[in-house]
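The chain contents come next:
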Amino acid sequence: MTVAVRSFAKINLGLYIGAARADGYHDLRTVYQTIALHDVIRVSVGRGSGIEILCRNKDPRVPLDSSNTCYRIAELVLEELGAEAGVGIEIEKRLPVQGGVGAASSNAVATMVALELALKRKLPAAARLRIAAEVGSDLPLFLVGGTILGVGRGEEVYPLADLPSVAMVVVMPEVGVSTAQAFADWDALVQGEKAAELRSAWTLRLRSGQAREGARPHTNGERLTGVGASDRLIEVGRVLSTWLSGLPNTGAPARRGSRAGNLLLDLVRTGIENDFEKVVFPLYPELRDIKGALERAGSRYASLSGSGSTLYGLFQSPADAAKALSRLRRQGLKAVATSTLTRQKYWKQSLVVGR
């Protein structure tokens, strides 16, 4: 039996990096958002044993051995279910490799879902999350879908009120960015005087935003103390939560415009950003140029996704996104128009697309 499943991508709406932890990871704060771009995963089960992976596009960057996240998660699912079967996994790549859109992680979760369907057996929800987190930090988000708060090393996920569908343009440069190297570069950046400079910049930006929007001031317990990255992450969490809650002090009044449009304007007002841009853009200046091109093309908010190299711009309407797409393609950029994907649409569209 063969089951085919769409494997959707994600973007990060703001990403803040905290201190390195004892386990070698970093504490993070981010809002994950699933989008309509996707790969397709086909899983077949039969007699025998063993796991075989095939990449239909023959992309040499996609491992076909046990280092592939799809292989690792299939192995764990079979073990958890106490099942024995020969498993074939076919990956149809449409998403960029090392692009910051969670393609490999999404592929793994799609493999889990497809394998459950093919075996006609389902894991308990707690086991699904445990296995996903064991394989990778951003796998659990794909077991939720929609708009999601990510904390810890990114594996602790909390469903948020969904951001309505927003038009967007995604630019996929050919360059690949190593997430591990980006974290190492961040650690080097925040040593000594540079750390104080970054904290100071965040404090000034936040206070400026509060004054502009009339937000309530900090209490002593909330104020950034300059002690370290943990204080910054607490403040970031508050800002992100306030934005997504739609409180009156976050921006455009609810009585004017669509909820999606208002939240998009509010997002700009928060000043949230992706910390990885500070270390990735100096190494890959062409990515900074692409962000600028998205902004000049009319995006209301543009950002690197994850550690990159994919960038995206959010637009007021599909028509605005289509106009920007034409402009960016004329500049020779590999770009595509798409939209964010709510939780309901994520699950409705991601499950079985063929057998």
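The present account deals with the structure reproduced in this document. (Residues numbered from 1 in each chain as written. Predicted model: local features only at pLDDT ≥ 70, side-chain atom pairs only at ≥ 80, totals over all residues. Heavy atoms only, no water.)

### Concerning the nonpolar core
Ranked by size, the top nonpolar core spans 46 residues in total, and within it Val87, Ile89 and Leu115 carry the most contacts. Sorting the residues of this core by element identifies β1 (2-20), β2 (26-46), β3 (51-55), α1 (69-81), β4 (86-92), α2 (103-119) and α3 (125-135) as the ones contributing at least two each. Every residue in contact with isoleucine 89, bar those within four places of it in the chain, is listed here: Ile41, Arg42, Val43, Ile51, Glu52, Ile53, Leu54, Cys70, Tyr71, Ala74 and Thr111. Counting 28 residues, the second largest nonpolar core, distinct from the first, contains Val280, Ile290, Ala297 and Ala302. (Core = buried A, V, L, I, M, F, W, Y, C linked by side-chain atoms within 4.5 Å. Buried < 20%, exposed > 50% of the residue type's maximum accessible area, 1.4 Å probe, protein only. Helix = DSSP H or I, 4+ residues; strand = E, 2+ residues; numbered from the N terminus. Contact = heavy atoms within 4.5 Å.)

### Thoughts on the packing of aromatic side chains
The description of an aromatic ring pair rests on the distance of the ring centres and on the angle between the ring planes. Applying the stated rule across the entire model yields 4 aromatic pairs. Note on phenylalanine 8 and tyrosine 346: the rings are 5.7 Å apart at their centroids and 50° apart in plane angle, and the pair reads as tilted. Taken as a pair, phenylalanine 8 in strand β1 and tyrosine 346 in helix α11 (residues 343-350) lie far apart in primary sequence, 338 residues in all. Residue phenylalanine 8 shares its accessibility class with tyrosine 346, and that shared class is buried. With a centroid separation of 6.4 Å and 45° between ring planes, the pair formed by tyrosine 301 and tyrosine 312 is classed as tilted. Placement of the pair is tyrosine 301 in strand β8 (residues 301-304) and tyrosine 312 in strand β9 (residues 311-315), with a sequence separation of 11 residues. Across the pair, exposure class does not vary: tyrosine 301 and tyrosine 312 are buried alike. Aromatic rings pair up to connect Phe8, Tyr346 and Trp347 into one cluster. Positioned above the aromatic ring of tyrosine 25, the side-chain terminus of arginine 153 is 4.8 Å from the ring centre. (Phe/Tyr/Trp six-rings, centres within 6.5 Å; stacked < 30°, edge-to-face > 60°. Lys NZ or Arg CZ within 6 Å of the ring centre and 35° of its normal.)

### Points about the sheet that holds β9
Strand order across the open sheet formed by 4 strands is β8-β9-β7-β10, with antiparallel pairing between neighbours. Two strands close off the open sheet at either side, each with one partner strand: β8 and β10 (335-339). This sheet shows a mean twist of 20° between the axes of neighbouring strands, independent of strand direction. For strand β7 (residues 167-171) and β9, the ladder comprises 5 bridges, and the chain directions are antiparallel. (Pairing = 2+ DSSP bridges. Axes fitted to C-alpha atoms, helices over the stretch in contact; angles between N-to-C directions.)

### Considering the environment of arginine 327
Among the structural elements, arginine 327 can be located in helix α10 (residues 318-330). Overall, arginine 327 belongs to the partly exposed group, its relative accessible area being 33%. With 30 residues separating them along the chain, arginine 327 and alanine 297 place their C-alpha atoms 7.0 Å apart. When near neighbours in sequence (up to four residues on either side) are disregarded, arginine 327 contacts Arg296 and Ala297.

### Quick notes on the side chain of arginine 29
Position of arginine 29 among the secondary structure elements: in strand β2. In this structure, arginine 29 is buried with no salt-bridge partner, the nearest side chain bearing the opposite charge being aspartate 27 at 5.3 Å. (Lys, Arg positive; Asp, Glu negative; His and termini not counted. Salt bridge = Lys/Arg side-chain N within 4 Å of Asp/Glu carboxyl O.)

### Here we look at the pairing of β3
By the alternation rule, side chains of β3 split into Ile51, Ile53 and Cys55, which are all buried, and Glu52 and Leu54, of which none is buried. Viewed along the sheet, the connection from β3 through α1 into β4 turns out left-handed. (Right-handed = clockwise from strand over helix to strand, strands pointing away.)

### Here we look at the pattern of salt bridges
Pairing between side chains of opposite charge can happen when the charged atoms of each approach one another. Taken as a whole and assessed by the stated rule, the structure comprises 16 salt bridges. The partner of arginine 21 in a salt bridge is aspartate 27, with the nearest N and O atoms 3.2 Å apart. When its relative accessible area of 28% is taken as the criterion, aspartate 27 is described as partly exposed. Residues glutamate 80 and arginine 130 are paired through a salt bridge, measuring 3.0 Å at the closest nitrogen-oxygen approach. A residue pair is termed long-range when its members are at least 10 positions apart, and glutamate 80 in helix α1 and arginine 130 in helix α3 qualify at 50 residues. Salt bridges sharing common partners tie together Arg42, Arg56, Glu90, Glu92 and Arg94.

### Looking at the packing of α1 against α2
Where α1 contacts α2, the two axes come as close as 8 Å, and the packing angle between them is 35°. For α1 against α2, the interelement crossing comes out right-handed. Of α2, the residues touching α1 (which contributes Thr69, Cys70, Ile73, Ala74, Val77, Leu78 and Leu81) are Ala104, Asn107, Ala108, Thr111, Met112, Leu115 and Leu119. Classifying every residue of the contact of α1 with α2 by side-chain character gives 11 nonpolar, 3 polar and no charged. (Left-handed = near helix turned anticlockwise from the far one by under 90°. Nonpolar A, V, L, I, M, F, W, Y, C, P; charged D, E, K, R; others polar.)

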